[in-house]
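Structural features, examined
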Amino acid sequence: MSQRARIIAARLLQAIPVIIGVVTITFVLTRALPGDPAVYFAGDAADEASIQQVRETLGLDKPLPQQFLIYVGDLVRGDWGDSLSTGQPVLSDLSRRLPASLELTLLALLLSCAIAIPLGVMAATKPGSWRDHLCRVAVTAGVSLPTFFTGILLIYIFYYLLDIAPSPLGRLDFLYIEPERVTGFYLIDTALAGDWETFGGAAKQLVLPAATMAIFTLAPIARMTRASMLQELSSDFIRTARAAGLKRRKVLLGYALRNALLPVVTTLGMVFSFALGANVLVEKVFAWPGIGSYAVDALVASDYAAVQGFVLAMALLFVALNLIIDLLYAVIDPRIGFEGG
Amino acid sequence: MTEISRRRLLQTGAVTAASLPFLRALPAHAQSSDVMVAVNGQTINSLDLHRTGTNRPSYQVAINCYDRLVSFGTKPSMGGGLEFDYSKVEPELAESWSVSDDGLVLTFILRDATFQDGSPVTAADVKWSFDRAVSLGGFPAVQMKAGGFTSPEQFVAIDDKTFQITLDAPSKLAIPDLAVPIPFVINSKVAMANATEEDPWATEYLHLNTIGSGAYKVARWSPGEQLVYERNDDWASGPLPAYKRVVIREVPSAATRRAVIERGDAQVSFNIPSKDALELSEMMEVNSTPIANCINCIGLNTKFEPFQDPDVRKAVAYAIPYEAIFQTAAYGRGAPLWGEETERSDIAWPRKTGYMEDLDKAKEHLAKSGFADGFEVPFSISLNQLDWMEPTALLIQESLAKIGITVTIDKIAGADWRTASLVEKRLAFHLEGFGGWLDTPDYYFFWAYKDGHLFNSSNYRNEEIETLVDVTLPMEVDHPDYEPNVKRMLEIALEDLPRIPLWQPALNVALNGATDYEFWFHRQLDVRPIKPA
């Protein structure tokens, strides 16, 4: 175990050059964006003098290398700068918005897996049958509908027409007070506080956006499950297991699925990252205060600190994500040594 | 402030629990007549208007949570409901005021009002707040300058109840400029207690806290999500507002905003797209108020050679499909500004220009010009305002092709738009939509027709306009020279056409379950007059 800890530490050390690269590149890229934040934030009727004043306040009148040094110095001290468009420190914005996005994305993926994996297994056991076709049609339909369309459609049916969904206004209806912050995940925080009423409120708000995203992410997971199940089911050890008279269930789930999960987990990692990005449209439709809409708004306004903070947070998140996926490999398949990965 | 814990809120709210119905669960939705929900597509990014980087939507906090010395009266609006009346200045925090005979000294007597911490509002607070408005720079300083307020020495607290302003020159804009959102009165004792060496004006504290004497205070604010106003029951400067609490929810998607207002889960949907306004107006109260002193127009940049030719400018003006643009880009919401105008008998503004779509006349003018064979020109629009700019641009492109002018559409990123169009003024042919807060034509001319001024995106310069505007701007409207001067300005502007007015845009607001909305020149939601329907 201590060896594993050492290896994890080594992996984290390897991430340092990546982070340094990300910090440098985002700094340069944000400066290359069109638009002048000083003009943008000086307001509608600002004249030359007040724009210059804003520029000085923001430190944008200094030469670029000096701005970079100031930025890095602040980062080292744990100061990610202030976002101009929200008026808050970037770190506090991210710490409020990242959990909102993660809660939604993780729940959507969970929902998606719960549907897509059985669907994929079902399709693989009888390839070419009506079940296989059903699976194909369902996932193709899901992935070909843009998320904002699915989102608006779900709102129209379940909120506007049937009135069974709550108003699509963010993470909590205004009837509830947000839970005391522990993790930033409302479901977890309300459960910790034992406030089941607000838990219910938060869960209700999650249903439609999570369903929207789940529909969109069904396809890659189901297709990958089907393909890798087909491969496993036609392999020698499954034939041996069947010949040995093991129960169908045991063969299917115990041997085939377990081996088939490896590529599925890899796909999940990718789906997670693109789902977090594709969130933007879902967030806009459901007024979800997530990280995607934050990043887009910041980009539109040339809000340097916010864009840099977002990219950096994402880089950190993916370093962590890759580590988790590598660890999961070892859990699923003991043959995969951690050193080799 | 944003971190009010549930427990604390329950404790402090225990006494008033009955009046805070949405703690815990409230069975019915916001049908309770104490709570209003308003949805809006934009982010509020600060509670302090004077701070660097505070955006437009945040101005509503200054309006709802703070008092100014004076305000405007109201009058019925052609867009439905009421709108502010620029000609009637009414008391707010000031009970009365007087102007010295030379027009230089304004003396205000304050009413008995208290800040929300219970301390009385004094002239010293007013002075501190005004000093802050002119000292922090940026847009607040620019707007204060429009009224003639530039330095703290101009403001004197004579005694607790008497506040005096000395102007460098008399101006008719001085008193109206005190009714704009900028010169709001802050509790200077609390602010100074929270000021630091580097931050003498307490911008960090005021960024997160409202310490005024206004009708509401901000009870909770989660940037990017919502803002909750709570009524100040001791408000002295106006009639007590009907709603105890007002929730401003941020909903970026227009489709979602529409669903929520239609279902009645929100009582107000502020600044809705013109298309929704048209369709919703059959189901509920929709106010589409033409925005005072605001014009959507085409800018013809004189730096671009063909537009230096007066006949080219007229040719363009006669080739614009005004009606089609108004119907497609604005869904007929607002006020048309083309056609009619045979003689200028009054100085109403914005007004019809006398130009209309007439391709024969356009061809005639073009033939007379130095560019009879036409020319090519890029037409620039902003990616952030595609909703009205794109249909307008396409219709103009199609129509100008008929007289031989080839237009290519050039879309400019939102963050770059202001720099390109207003600061560097480098767009040859573009759209512009300036609106002046102070509602007089000369004020519009000051910003949009004077050389070098921000909204003069056409680089227009006319010596007569330069002197006329300078002379007329401070002049009282009942001065005998005022009307002839303004008429002359209109005449020159409509002859020279550096800007071709299209229509006066409207601010669309839908109300479902609420009533008595008032339109204000600042184009933000004033929640104070709104009542349950």
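Refer to the structure presented above.
In short, a report on the structure. (Residues numbered from 1 in each chain as written. Chains lettered and ligands numbered in written order. Predicted model: local features only at pLDDT ≥ 70, side-chain atom pairs only at ≥ 80, totals over all residues. Heavy atoms only, no water.)

Side note on the overall build of chain B
- Helix and strand content of chain B: 16 helices and 22 strands.
- Here the C-alpha coordinates of chain B stretch approximately 80 × 60 × 45 Å along the principal axes.
- In chain B, 69% of the contacts between residues at least 6 apart in sequence involve partners at least 24 apart.
- Here chain B displays about 19,300 Å² of accessible surface, and carbon together with sulfur accounts for 50% of that area. (Helix = DSSP H or I, 4+ residues; strand = E, 2+ residues; numbered from the N terminus. Contact = heavy atoms within 4.5 Å. Areas by Shrake-Rupley, 256 points an atom, 1.4 Å probe, with all protein chains shown as cover.)

Remarks on the overall build of chain A
- Each helix and strand counted, chain A has 13 helices and 0 strands in total.
- N-terminal to C-terminal, the α/β element order of chain A is α-α-α-α-α-α-α-α-α-α-α-α-α.
- For the C-alpha atoms alone, the extent of chain A along its principal axes is close to 85 × 55 × 40 Å.
- The buried share of chain A, taken over its 341 residues, is 50%.
- Across chain A, every contact between residues at least 6 apart in sequence was considered, and the portion connecting residues at least 24 apart equals 74%.
- Surface summary for chain A: the accessible area is close to 15,900 Å², and the carbon and sulfur share equals 69%.
- A gap of 19 Å separates the mean positions of the 26 positive and 27 negative side-chain charges of chain A. (Buried < 20%, exposed > 50% of the residue type's maximum accessible area, 1.4 Å probe, protein only. Lys, Arg positive; Asp, Glu negative; His and termini not counted. Charge placed at Lys NZ, Arg CZ, Asp CG, Glu CD.)

Overview of the pattern of salt bridges
Residue and element names in this part refer to chain B.
- Evaluation of the coordinates by the stated rule reveals 40 salt bridges over all chains.
- The salt bridge involving Lys161 is made with Asp112; its shortest N-O contact spans 3.3 Å. Highlighted residues: Lys161 in the loop between β6 (155-159) and β7 (162-166) and Asp112 in the loop between β5 (105-110) and α3 (123-135), separated in sequence by 49 residues.
- Under the relative-accessibility criterion, Lys161 is labelled partly exposed at 26%.
- In this structure, Glu279 engages Arg258 in a salt bridge whose closest nitrogen and oxygen atoms are separated by 2.6 Å. In this pair, Glu279 sits in helix α8 (residues 274-280) while Arg258 sits in helix α7 (residues 254-263), placing the two residues 21 residues apart along the sequence.
- A relative accessible area of 28% means that Glu279 is categorised as partly exposed.
- Within this structure, Arg258, Glu262, Lys275, Asp276 and Glu279 form a network of salt bridges that share partners. (Salt bridge = Lys/Arg side-chain N within 4 Å of Asp/Glu carboxyl O.)

Regarding helix α6 (residues 130-144) of chain A
Residue and element names in this part refer to chain A.
- If you check α6, its first and last C-alpha atoms are 21 Å apart, about what 15 residues at 1.5 Å a residue would give, namely 21 Å.
- Three or more residues of α6 are buried, namely Asp132, Cys135, Val139 and Gly142. When α6 is viewed along its axis, its buried side chains cluster within an angular range of 105 degrees and face the same direction. Of the residues in α6, the exposed ones pointing more than 90 degrees away from the buried face are Trp130, Val137 and Ser144.
- Contact partners of the buried residues in α6: α5 (90-125) and α9 (196-233). (Expected span 1.5 Å × (residues − 1). Arc of directions from axis to C-beta.)

A word on the sheet that holds β5 of chain B
Residue and element names in this part refer to chain B.
- Reading across from one edge, β4-β5-β7-β6 is the order of the 4 strands in this open sheet, with antiparallel pairing throughout. Looking along the sheet, the strands with just one partner apiece sit at the ends: β4 (94-99) and β6. Between one strand and the next, the sheet's axes are offset by a mean angle of 20 degrees, whatever the strand orientation.
- As paired strands, β5 and β7 are joined by 5 bridges and run antiparallel to one another. For Ile109, the partnering residue across the bridge sits in β7 and is Thr162.
- Contacts from α3 reach β5, β6 and β7, with the element oriented near 175 degrees to β6. (Pairing = 2+ DSSP bridges. Axes fitted to C-alpha atoms, helices over the stretch in contact; angles between N-to-C directions.)

What about the sheet that holds strand β3 (residues 82-91) of chain B?
Residues and elements named next belong to chain B.
- Pairing within the open sheet is mixed, and its 3 strands lie in the order β2-β3-β21. A single partner strand is all that each edge strand has here, and the edge strands are β2 (70-76) and β21 (518-519).
- Bridge analysis of β2 against β3 gives 7 bridges, and the strand direction is antiparallel. From the neighbouring strand, Gly73 faces β3, where its bridge partner is Asp85.

Thoughts on the nonpolar core
- Counting 109 residues, the largest nonpolar core has Leu69, Ile165 and Tyr229 of chain B as the members making the most contacts within it.
- Beyond its immediate sequence surroundings of up to four residues, Ile165 of chain B is in contact with Leu104, Val105, Leu106, Phe108, Phe130, Phe149, Gln154, Phe155 and Leu178 of chain B.
- Within the second largest apolar cluster, 58 residues are counted, among which are Ala123, Val265, Ala295 and Met314 of chain A. (Core = buried A, V, L, I, M, F, W, Y, C linked by side-chain atoms within 4.5 Å.)

Considering the side chain of Arg96 of chain A
- Tracing the sequence through the fold places Arg96 of chain A in helix α5.
- Judged by relative accessible area, which is 19%, Arg96 of chain A ranks as buried.
- One polar contact links the side chain of Arg96 of chain A to the main-chain carbonyl oxygen of Pro223 of chain B, over a distance of 3.0 Å.
- Side chain to side chain, Arg96 of chain A and Glu225 of chain B meet in a polar contact 3.1 Å long.
- Those residues in contact with Arg96 of chain A, other than ones at most four positions away along the chain, are Arg171 and Arg181 of chain A together with Ser222, Pro223 and Glu225 of chain B. (Polar contact = N/O pair within 3.5 Å; in protein donor to acceptor, adjacent residues only side chain to side chain.)

Examining the packing of aromatic side chains
- By the definition in use, this model includes 46 aromatic pairs over all chains.
- Between the aromatic rings of Phe84 of chain B and Phe519 of chain B, the centroid separation amounts to 6.3 Å while the plane-to-plane angle is 40 degrees, which identifies the pairing as tilted. Taken together, the residues Phe84 of chain B in strand β3 and Phe519 of chain B in strand β21 connect sequence positions 435 residues apart. Across the pair, Phe519 of chain B and Phe84 of chain B agree in class, each one buried.
- When the ring of Tyr449 of chain B is compared with that of Tyr460 of chain B, the centres are 6.1 Å apart and the planes differ by 85 degrees; the resulting orientation is edge-to-face. Here Tyr460 of chain B lies in the loop between α14 (441-448) and α15 (463-472) and Tyr449 of chain B lies in the loop between α14 and α15, a separation of 11 residues in the sequence. For the pair formed by Tyr449 of chain B and Tyr460 of chain B, the shared burial category is buried.
- Ring pairing ties together the aromatic residues Trp349, Phe434, Tyr443, Tyr444, Phe445, Phe446, Trp447, Tyr449, Phe455 and Tyr460 of chain B, which thus form one cluster.
- In this structure, Arg171 of chain A is placed above the aromatic ring of Tyr186 of chain A, and the distance from its NZ or CZ to the ring centre is 3.7 Å.
- Here the basic side chain of Arg56 of chain B rests over the ring of Phe139 of chain B, its NZ or CZ set 5.4 Å away from the ring centre. (Phe/Tyr/Trp six-rings, centres within 6.5 Å; stacked < 30°, edge-to-face > 60°. Lys NZ or Arg CZ within 6 Å of the ring centre and 35° of its normal.)

Considerations on unusual backbone geometry
Residue and element names in this part refer to chain B.
- Cis geometry is adopted by the peptide bond preceding Pro350, which originates at Trp349 and carries an omega value of -5 degrees.
- With respect to the helices, strands and loops of the structure, Pro350 is situated in the loop between β14 (335-336) and α11 (359-368).
- One non-glycine residue, Lys425, lies in positive phi territory at about 50 degrees.
- If you trace the backbone, Lys425 turns up in the loop between α13 (414-423) and β17 (429-432).

Things to note about the pairing of β6 of chain B
Residue and element names in this part refer to chain B.
- For β6 and β7, the ladder comprises 4 bridges, and the chain directions are antiparallel. Directly across from Ala157, in β7, lies its bridge partner Phe163.
- Taking the residues between adjacent antiparallel strands as the criterion, β6 and β7 are bridged by 2 residues.

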